[in-house]
Amino acid sequence: MSVHLRRLSLAQFRSHARVELELDPRPVALWGPNGAGKTNILEAVSLLSPGRGLRRASAEDMARQHAGVGWKLTAEMDGHDIETAWMPGGARSLRIDGKTASQVALAALLRIIWLVPAQDRLWIEGAEGRRRFFDRITMSFFPEHASATLAYEKAMRERNRLLKDGVMDPAWYAALESQMADAAGAIVGHRQTALDRIDAAQADADTAFPAAELAISEVAEPLETPAQFVDAFAQSRPQDIAAGRTLIGPHRTDIKAVFAAKRMPAAQCSTGEQKALLISLILANARAVKAIFGAAPLVLLDEVAAHLDAERRAALFDEICALGSQAWMTGTGAELFGGLGDRAQCFEVREQDGQSRLAAVNPGP
């Protein structure tokens, strides 16, 4: 079974005044000069999954500059119509098959994973980016992970206000800590299962990309159950009050990776090796999703081909096609996608008259 977009329409989105794409299940290659609007297309597709998209931008920032109006994105896939839009002064809306829906409902229709240049420094920068990256992986298996994370963060913000105010009465903390503990137990369980599935997908793979051994690292003794979290939050209150914030919990988790073949931490690998490890994890994620749910996710790869040599690029295309994923890929030139031939549907993106324009092209053999 293939889950793919059959139609994508954009209106006043970023640099695109109007886009209408008719699509088939094959991968999608978008090429053109820097600044032409290729990544904007990928960002639009990423909004068909829960969250703020691959740039984590506000809805207002996605509106086409100087247009003075909002934006709208519509898509058709496997008999479902999706529409998400924003108007100035309002909140982003979502309708599925003509009915108002929550963003979590998107994950029941299709799963989307991505890799963008901003993640290239993932292994050498702060833990927050690694948590966010791994939580996206986790959401591809457990859509409810998004709700658990939001519930945890909301309760933690309220608790942090009490901590900053120096509130000592335990009754003020009990209900919030119970909510945090329930959500934290779900978050920890989801993350561990996701890690196990990624490990299994890498172990069983015939791939040209290096395997990464992942580990979940905690700042304190690992906690698993809601009861354990309730006790830990209560015991940590004096230290948390002194710090003015919550010092333990899944928001403090880090994700470590090791280049398996070299037994080398990812942070110490070369730039090329770090990129290869990220690609390997994305491919493993896609394989695991397909094995569990019967269909590969949409994979968004922004400017990935340019960082690979011809052999690795060909291997990436072969793996994507073998998965049956409608992968969306961007690059600066048609030559980067020559190895795909007629296995892909290709579009050239150009800037003209102050807006981005797309033209379907035949990549040749």
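A brief look at the structure comes next.

Rules used throughout
- Residues numbered from 1 in each chain as written.
- Predicted model: local features only at pLDDT ≥ 70, side-chain atom pairs only at ≥ 80, totals over all residues.
- Heavy atoms only, no water.
- Pairing = 2+ DSSP bridges.
- Helix = DSSP H or I, 4+ residues; strand = E, 2+ residues; numbered from the N terminus.
- Phe/Tyr/Trp six-rings, centres within 6.5 Å; stacked < 30°, edge-to-face > 60°.
- Lys NZ or Arg CZ within 6 Å of the ring centre and 35° of its normal.
- Buried < 20%, exposed > 50% of the residue type's maximum accessible area, 1.4 Å probe, protein only.
- Core = buried A, V, L, I, M, F, W, Y, C linked by side-chain atoms within 4.5 Å.
- Contact = heavy atoms within 4.5 Å.
- Salt bridge = Lys/Arg side-chain N within 4 Å of Asp/Glu carboxyl O.

So, on to the pairing of strand S2 (residues 16-22). The pairing of strand S1 (residues 7-13) with S2 spans six bridges and is classified as antiparallel. When the sheet's bridge partners are listed, Leu 10 is paired in S2 with Val 19. The antiparallel hairpin formed by S1 and S2 contains two residues in its connecting segment, where Arg 14 sits at a positive phi of about 50°.

The next subject is the packing of aromatic side chains. All chains considered together, the criterion is met by four aromatic pairs. What links up through ring pairs into an aromatic cluster is the set Trp 31, Phe 317 and Phe 337. Sitting above the plane of the Phe 293 ring, Arg 111 keeps its charged end 3.9 Å from the centroid. The ring of Phe 259 has Lys 262 lying over it, and the distance from NZ or CZ to the ring centre is 5.6 Å.

The phi dihedral of Gln 12 is positive, around 55°, even though this residue is not glycine. Within the fold, Gln 12 resides in strand S1. The exposure class of Gln 12 is partly exposed, given its relative accessible area of 21%. Even without glycine at this site, Arg 14 takes up a positive phi of about 50°. Among the secondary structure elements, Arg 14 is positioned in the loop between S1 and S2. Judged by relative accessible area, which is 19%, Arg 14 ranks as buried.

As a further point, take the nonpolar core. If you look at the biggest cluster of nonpolar residues, it comprises 52 residues, and the most contacted ones within it are Leu 214, Leu 301, Leu 316 and Phe 337. Broken down by element, the residue count for this core peaks at 11 residues, all from helix H7 (residues 271-293). Each residue touching Leu 214, except ones within four places of it in the same chain, is listed here: Trp 123, Phe 134, Leu 195, Ile 198, Asp 199, Ile 255, Lys 256, Ala 257 and Leu 281. Leu 21, Leu 30, Trp 114 and Val 349 belong to the second largest nonpolar core, which has 42 residues in total.

Our next topic: the pattern of salt bridges. Summed over the entire model, instances satisfying the criterion amount to 23 salt bridges. Here Lys 256 makes a salt bridge to Asp 254, at a shortest N to O gap of 3.1 Å. Under the relative-accessibility criterion, Lys 256 is labelled partly exposed at 42%. Because the salt bridges share partners, they merge into one network encompassing Arg 159, Glu 177, Arg 237 and Asp 240.

Relative to the helices and strands, Leu 42 is located in helix H1 (residues 38-46). Overall, Leu 42 belongs to the buried group, its relative accessible area being 0%. Expressed as a C-alpha distance, the spacing of Leu 42 and Ala 146, which sit 104 residues apart in the sequence, is 21 Å. When residues no more than four places from it in sequence are discounted, the contact partners of Leu 42 are Leu 30, Leu 54, Leu 300, Leu 301, Asp 302, Trp 328 and Thr 330.

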